[in-house]
Amino acid sequence: MRLPRSSDPELLDVIERYVKPTTNDTARYLHLLHANFTRADEGERTLLLQSLRSAAEAVTDEELEVLLESEWRSRLTAAWLIGVNRRQYFRDVLGELLLASRLCFSGQGYCFALARFCTEEDALYLAAYLERHLQQPDCQYDQHWAISALLHIDSRTGTGHASRFLTPGGLWHLWNDAQARPTQPSRFMDGLCALTDSLR
């Protein structure tokens with residue numbers, strides 16, 4: 001993994017240009033983390049999304065590859081940029097990173113991007129992730145993001161990949177019931193994708 005160091009000016013440059021730019025004194029990656037930007041007022045949210053769209057159009061594939069080799073802030077941001085611009089040729093890279101889940105928070109971005117691509121292949125990556133990580137009740141990773149992304153794809157494509165996890169006694173309920181604060185699966189990914197589509 002490449003870490004931001006003075007010995008790696010290429011990485012520092014793309015982090016400065018794509019991960020750290022601020023909207024209302026808050027770095028881009030903090031707006032993207034947990035989709036915090038959705039809690040901002042409409043004016044601030046619009047500015048952030050416009051900035052995100054511009055960055056997604058400007059960033060090169062090579063720069064995205066550099067960010068995906070770095071720490072979670074860079075990977076989270078890169079995945080959102082990929083998803084906004086629907087660069088589907090990154091599908092397998094993001095899918096494998098999601099399945100590996102070696103870094104915190106970045107999986108949120110992978111789930112968003114796969115939801116934006118919205119194909120059978122993306123659903124299979126999300127289902128494989130849930131199959132693996134819902135069987136680990138002590139692991140609170142990105143299960144909520146993955147099930148929401150899978151529900152989004154199901155609703156857009158007429159498939160039912162999420163249903164096997166959500167049946168009574170299914171893996172979702174077994175995992176969720178073991179959490180300190182059980183919550184129902186949410187359709188928040190529908191809203192994130194709709195907000196992104198509104199910037200066309």
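Our structure's up above, just so we're on the same page.
Procedures and definitions
- Residues numbered from 1 in each chain as written.
- Predicted model: local features only at pLDDT ≥ 70, side-chain atom pairs only at ≥ 80, totals over all residues.
- Heavy atoms only, no water.
- Helix = DSSP H or I, 4+ residues; strand = E, 2+ residues; numbered from the N terminus.
- Expected span 1.5 Å × (residues − 1).
- Buried < 20%, exposed > 50% of the residue type's maximum accessible area, 1.4 Å probe, protein only.
- Contact = heavy atoms within 4.5 Å.
- Axes fitted to C-alpha atoms, helices over the stretch in contact; angles between N-to-C directions.
- Parallel < 35°, antiparallel > 145°, perpendicular 65-115°, else oblique.
- Left-handed = near helix turned anticlockwise from the far one by under 90°.
- Nonpolar A, V, L, I, M, F, W, Y, C, P; charged D, E, K, R; others polar.

Undergrad: Describe in detail helix H8 (residues 120–133), supporting the description with residues and values.
TA: Here H8 contains 14 residues, and its C-alpha end-to-end distance of 20 Å stays within 8% of the 20 Å for a straight helix at 1.5 Å per residue. Looking at H8, one finds that the buried residues are Asp122, Ala123, Tyr125, Leu126, Ala127, Tyr129, Leu130 and His133. Tucked into the core, H8 has its buried residues touching helix H6 (91–100), helix H7 (106–117), helix H9 (143–157), helix H10 (163–166) and helix H11 (171–177).

Undergrad: Would you mind going over the packing of H9 against helix H12 (residues 188–197) in detail, with residue names and values included?
TA: Remark: H9 packs on H12, axes separated minimally by 7 Å, with the N-to-C direction vectors making an angle of 70°. By the angle class used here, H9 and H12 are roughly perpendicular. The two elements H9 and H12 cross, and the hand of that crossing is right-handed. Contact with H9, carried on its side by His144, Trp145, Ser148, Ala149, His152 and Ser155, involves Phe188, Met189, Asp190, Leu192 and Cys193 of H12 and no other residues of that element. Residue composition of the contact of H9 with H12, by class: six nonpolar, four polar and one charged.

Undergrad: Could you give me a rundown of the packing of H7 against H8, with the residues and numbers involved?
TA: Two elements in contact, H7 and H8, have axes separated by 8 Å at closest approach and are oriented at 150°. Between H7 and H8, the angle is such that the two are roughly antiparallel. Seen along the crossing, H7 lies across H8 with a hand that is left-handed. Here H7 contributes Cys111, Leu114 and Phe117 to the contact with H8, which in turn contributes Asp122, Tyr125 and Leu126. Of the residues in the contact of H7 with H8, the class split is five nonpolar, no polar and one charged.

By themselves these figures say nothing about function.
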